[in-house]
Amino acid sequence: EDQVTQSPEALRLQEGESSSLNCSYTVSGLRGLFWYRQDPGKGPEFLFTLYSAGEEKEKERLKATLTKKESFLHITAPKPEDSATYLCAVQASKSGGSYIPTFGRGTSLIVHP
Amino acid sequence: AAGVIQSPRHLIKEKRETATLKCYPIPRHDTVYWYQQGPGQDPQFLISFYEKMQSDKGSIPDRFSAQQFSDYHSELNMSSLELGDSALYFCASSLGRGANVLTFGAGSRLTVL
C-alpha cells in the first residue's frame with residue numbers, strides 16, 4: 001500500500017526564516033511525486049511534479065527536491081503570503097493505466113511578519 | 001482560464017437526509033476525481049470517472065454513488081447522511097486517466113447536523 005508521511009505537521013516561521021518540509025513515501029514504483037499548496041477552505045493548488053531521484057524544481061521562494069525515499073520542499077526567505085498547508089502526493093506505476101494520487105496529511109505553515 | 005467548478009459551496013443537512021454535489025471539470029478534461037477531506041485530514045480518494053465510465057474506486061461508502069454525464073460533469077450523491085460525513089468534498093479533473101496533474105475545484109463543504 002502506498003504511504004505518504006509529511007513532517008512536521010505544523011511549522012511556524014518568522015518572515016525571512018528559511019526552512020524545509022519533508023515528505024517520506026513508500027510506493028511500489030514511483031511514477032511521480034507532487035507538491036500542492038492548500039489555503040484554508042480551498043482546493044489544493046498544484047506546485048511541482050518530480051519524477052526521479054535527483055530532480056529539482058523551483059518556483060519563486062520554493063524549491064522541491066527528490067530522493068528515492070523522500071522529498072523536501074525548501075522555503076527560502078518566506079513571506080506571510082506563503083502561509084498555507086503544503087500537501088505531498090505520490091502516484092505509483094500500476095497496471096491498467098490508472099494512477100490515483102495518494103496524499104499525505106500536509107504541513108501547516110504559518111509565516112509571521 | 002476556466003477552472004473546476006463545484007456546487008454548492010456550502011451545504012447543511014440533517015442526519016439521514018440526502019445530498020448531491022456537482023462538479024464541472026475544466027473544458028476538454030475527460031477524467032473526474034472525487035476526494036473527501038475531514039478536518040485536519042489528508043484528502044481521501046473516493047471515486048473517479050474516465051469518459052463517463054467509473055475508472056477507480058477508493059474509500060467511497062455504499063451510501064454514496066456518483067456518475068459522470070455526457071457533458072463530462074459529475075455528481076456525487078450521498079444518502080442516509082451521518083455526522084461523520086461532514087467534510088470538504090473536492091472534485092478534480094484531468095486530461096486522461098494517466099495524467100499526473102490534477103486540477104482541483106474549491107470544494108463543497110458539507111455539514112451534517
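Above this text is the structure in question.
Residues numbered from 1 in each chain as written. Chains lettered and ligands numbered in written order. Predicted model: local features only at pLDDT ≥ 70, side-chain atom pairs only at ≥ 80, totals over all residues. Heavy atoms only, no water.

Asks: If you had to explain the sheet that holds strand S8 (residues 74–78) of chain B to someone new, which residues and values would you point to?
Replies: Residues and elements named next belong to chain B. Ordered in space as S1-S3-S8-S7, the 4 strands form an open sheet in which the pairing is antiparallel. Where the open sheet ends on each side, the last strands, each with one partner, are strand S1 (5–7) and strand S7 (64–68). Taken over all neighbouring pairs, the strand axes of this sheet differ in orientation by 15 degrees on average, direction set aside. Examined bridge by bridge, S7 and S8 share 5 bridges and lie antiparallel to one another. Each bridged residue has a counterpart across the sheet, and for Gln68 the counterpart in S8 is Ser74. (Pairing = 2+ DSSP bridges. Helix = DSSP H or I, 4+ residues; strand = E, 2+ residues; numbered from the N terminus. Axes fitted to C-alpha atoms, helices over the stretch in contact; angles between N-to-C directions.)

Asks: A description of the nonpolar core should follow, citing residues and the corresponding values.
Replies: Residues and elements named next belong to chain A. Ranked by internal contacts, the top residues of the largest apolar core, which has 24 residues, are Leu33, Trp35, Leu73 and Tyr86. Elements represented by at least two residues in this core include exactly strand S2 (10–14), strand S3 (19–26), strand S4 (30–38), strand S5 (45–50), strand S7 (62–66), strand S8 (70–75), strand S9 (84–92) and strand S11 (107–112). Ranked by the residues each element gives to this core, the list is headed by S9, at 5 residues. When near neighbours in sequence (up to four residues on either side) are disregarded, Leu73 contacts Ser19, Ser20, Leu21, Trp35, Phe48, Leu62, Lys63, Ala64 and Tyr86. (Core = buried A, V, L, I, M, F, W, Y, C linked by side-chain atoms within 4.5 Å. Buried < 20%, exposed > 50% of the residue type's maximum accessible area, 1.4 Å probe, protein only. Contact = heavy atoms within 4.5 Å.)

Asks: Residues and numbers for the sheet that holds strand S1 (residues 3–7) of chain A, please.
Replies: Residues and elements named next belong to chain A. One open sheet holds the 5 strands; their spatial order is S1-S3-S8-S7-S6, and the pairing between them is antiparallel. Each edge of the open sheet is held by one strand with a lone partner, namely S1 and strand S6 (56–59). For this sheet, the mean angle separating the axes of adjacent strands, direction not counted, is 15 degrees. Where S6 and S7 come together, 4 bridges link them in antiparallel fashion.

Asks: Quick rundown of the interface of chain B and chain A? Include the residues and the values.
Replies: Every contact between the two is made by 23 residues of chain B and, on the other side, 22 residues of chain A. Of the roughly 1,700 Å² buried between chain B and chain A on both sides combined, carbon and sulfur atoms contribute 52%. A per-residue breakdown of the area chain B buries against chain A is headed by Arg97, Asn100 and Phe104 of chain B, which together make up 29% of the total. A salt bridge links Asp42 of chain B to Arg105 of chain A, with the nearest nitrogen and oxygen atoms 3.8 Å apart. (Buried area = accessible area lost by both parts, 1.4 Å probe. Salt bridge = Lys/Arg side-chain N within 4 Å of Asp/Glu carboxyl O.)

Asks: Explain the pairing of S1 of chain A to me, and be specific about the residues and the numbers.
Replies: All names here are of chain A. Side-chain alternation along S1 places Val4 and Gln6 on a buried face and Gln3, Thr5 and Ser7 on a face that remains uncovered. Of the strand pairs in this sheet, S1 and S3 are connected by 5 bridges, and their pairing is antiparallel. Directly across from Ser7, in S3, lies its bridge partner Asn22.

Asks: Before we move on, could you go through the environment of Trp35 of chain A and cite the residues and values that matter?
Replies: All names here are of chain A. Within the secondary structure, Trp35 sits in strand S4. Overall, the relative accessible area of 0% leaves Trp35 in the buried class. A C-alpha to C-alpha distance of 10 Å links Trp35 and Gly104, two positions 69 residues apart in sequence. At a separation of 2.9 Å, a polar atom in the side chain of Trp35 contacts the side chain of Ser71. (Polar contact = N/O pair within 3.5 Å; in protein donor to acceptor, adjacent residues only side chain to side chain.)

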